[in-house]
Amino acid sequence: MAARRQASAAAQKARRLDDDVVLHLRKPARVLACAAAFAWLVSLWVSWPVLSALALPLFCWTFVQAVGLALCMGARDAAGHDSGVGLMTVAMAAGCRFQLDVLGGGELWVLPLCLMLSLVLGLVQVRLRSYVLCSLTVWLVLLPGAAFAPWPAGQALRGVLVVGGFTLALLLHRGVALARRRRVAAAASLAVLAYQDALTGVANRRGFLEVAMEKLQASGPQGLIALDVDDFKRINDRHGHEVGDRLLHAVGRLLQRLPGEALAGRTGGEEFCVLVPAASPAALLAFAGGVLEAARRVSAQGVGLTLSAGAALVQPGEALEQAMRRADTALGDAKRTGKNRVVLAPEAAG
């Protein structure tokens, strides 16, 4: 069961990474798709004197390409992106094969077209299975029936070119896809480091402030709770900084498990802040009291801790900085009057 959960988590992580890759691929994929559509229309324009009597099948292939282009333009995940790009490319291959059958001379163009379409797919498709399926379909659409060096040596050369071309395109796709995933994963890691506290796992001050301001603008009544580990300097002096770091890590894990839409962040050395939906002072005090009660059960190497808290209801239109100052003032009152308790800040004046 544990192995199954780990496999499921790994698969979800891979899907999220693929979806993040699509965001980076969106612009180049759209540029290439539009360029391919333009090249198709130019080929129709150049060949129209011969192809005008066959307008219906050409219109059908053009319509399918347009559907693929629309899917590519509107894709928000890897599945939609690969489906759109693949549909457009296969439709383009079928349309080109139709043109070559009518115009003749396909033996000169089939292999270059196969290789070109496979290479372009390798640059813009995300998932290996999607690429292999679409690329094989392109080759199967274009190659059968094309006259190419009917003598035995020529047939052998054709086989070498087909296998070599497909292998080259596959290697290109794998190399590009791997480099792209590494770049996206590195960018995501840097973003996490910029907004997440490495020791506790909760948001750092910058990350907390940015998300908290967004929540205050978009959500209903909110309460702010300023938290501080009691006697943290004494804990460090008596038991060492390693124990202190373990306790801070444990507090971070506790805050990550808070119910509902609570947002937690580390705003200082042993100071934390929580923004939580709260419709009344009683609800805010009850939530803060639950956090303090849970903190009393936290320990590291046999060393426990307590928290003091200052709680403030955020007034309509009140700036986050002002609400944090009121919560910090209430926290100071809790420290001065015995610690391990919650003090509610008075409402903001005016």
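Residues numbered from 1 in each chain as written. Predicted model: local features only at pLDDT ≥ 70, side-chain atom pairs only at ≥ 80, totals over all residues. Heavy atoms only, no water.

1. Describing the environment of Ser130
Looking at the secondary structure, you find Ser130 in helix 5 (residues 128-142). For Ser130, a relative accessible area of 18% gives the class buried. Measuring from C-alpha to C-alpha, the distance between Ser130 and Ser83 comes to 7.8 Å, with 47 residues separating the pair along the chain. If we skip the residues at most four places from it in the chain, Ser130 touches Asp82 and Gln125. (Helix = DSSP H or I, 4+ residues; strand = E, 2+ residues; numbered from the N terminus. Buried < 20%, exposed > 50% of the residue type's maximum accessible area, 1.4 Å probe, protein only. Contact = heavy atoms within 4.5 Å.)

2. Let's talk about the side chain of Ser308
Here Ser308 shows up in strand 6 (residues 307-313). Assessed through its relative accessible area of 0%, Ser308 is described here as buried. At 3.0 Å, the side chain of Ser308 forms a polar contact with the backbone nitrogen of Asn340. (Polar contact = N/O pair within 3.5 Å; in protein donor to acceptor, adjacent residues only side chain to side chain.)

3. Focus: the side chain of Thr89
Residue position: Thr89 is located in helix 3 (residues 78-103). Taking the relative accessible area as the measure of exposure, Thr89 reaches 12% and is therefore buried. Within the local environment of Thr89, its side chain forms a polar contact with the backbone oxygen of Val85, the two atoms lying 2.7 Å apart. In this structure, Thr89 is in contact with Leu117, Leu121 and Val138, ignoring residues within four places of it in sequence.

4. What to know about the sheet that holds strand 1 (residues 222-229)
The mixed open sheet is built from 5 strands, whose spatial order is 2-3-1-6-7. Only two strands of the sheet have a single neighbouring strand rather than two, namely strand 2 (263-266) and strand 7 (342-344). For this sheet the average axis-to-axis angle between neighbouring strands, irrespective of direction, equals 20°. Across 3 bridges, strand 6 lies against strand 7 in parallel orientation. Bridge pairing links Ala309 to Val342 in strand 7. Across the sheet, helix 9 (residues 241-256) touches strand 1, strand 2 and strand 3 (271-277), and the angle it forms with strand 3 is around 5°. Contacting strand 1, strand 3, strand 6 and strand 7, helix 10 (residues 281-295) runs over the sheet at an angle of about 160° to strand 6. (Pairing = 2+ DSSP bridges. Axes fitted to C-alpha atoms, helices over the stretch in contact; angles between N-to-C directions.)

5. Considering the environment of Arg127
As for its position among the elements, Arg127 is in the loop between helix 4 (110-124) and helix 5. Judged by its relative accessible area of 14%, Arg127 falls in the buried class.

6. A short note on the state of the cysteines
Enumeration over the complete set of coordinates arrives at 0 disulfides. In this structure Cys72 is not part of a disulfide, and its nearest cysteine sulfur, from Cys34, lies 8.2 Å away. (Disulfide = S-S within 2.5 Å.)

7. Things to note about a nonpolar patch on the surface
Taken together, the side chains of Leu56, Phe59, Phe63, Val67, Leu71 and Leu87 define a hydrophobic patch exposed on the protein surface, amounting to about 580 Å² of accessible area. Along the chain, Leu56 turns up in helix 2 (residues 55-74). For Leu56, a relative accessible area of 61% gives the class exposed. (Patch = residues over 30% accessible without salt bridge, like charges linked within 9 Å, V, L, I, M, F, W, Y side chains within 5 Å. Areas by Shrake-Rupley, 256 points an atom, 1.4 Å probe, with all protein chains shown as cover. Salt bridge = Lys/Arg side-chain N within 4 Å of Asp/Glu carboxyl O.)

8. What to know about the confidence of the model for the protein chain
Detail in the predicted coordinates should be disregarded across regions flagged by low pLDDT. Confidence in the prediction for the protein chain averages 82 pLDDT; 87% of positions are at 70 or higher. Within the protein chain, strand 6 carries the highest mean pLDDT (94), whereas helix 6 (residues 152-195) carries the lowest (71). (pLDDT = per-residue confidence, 0-100.)

9. Quick notes on the environment of Val343
Here Val343 lies in strand 7. With 14 residues separating them in the primary sequence, Val343 and Thr329 have C-alpha atoms 9.3 Å apart. If we skip the residues at most four places from it in the chain, Val343 touches Ala309, Gly310, Ala311, Ala330, Asp333 and Ala334.

10. Notes on the pattern of salt bridges
Counted under the stated rule, the structure contains 12 salt bridges. In this structure, Arg234 engages Asp231 in a salt bridge whose closest nitrogen and oxygen atoms are separated by 3.6 Å. The salt bridge partner of Arg336 is Asp333, with a shortest N-O separation of 2.2 Å. Here Arg336 pairs with Asp333, and both are found in helix 11 (residues 320-336), just 3 residues apart, close to one helical turn.

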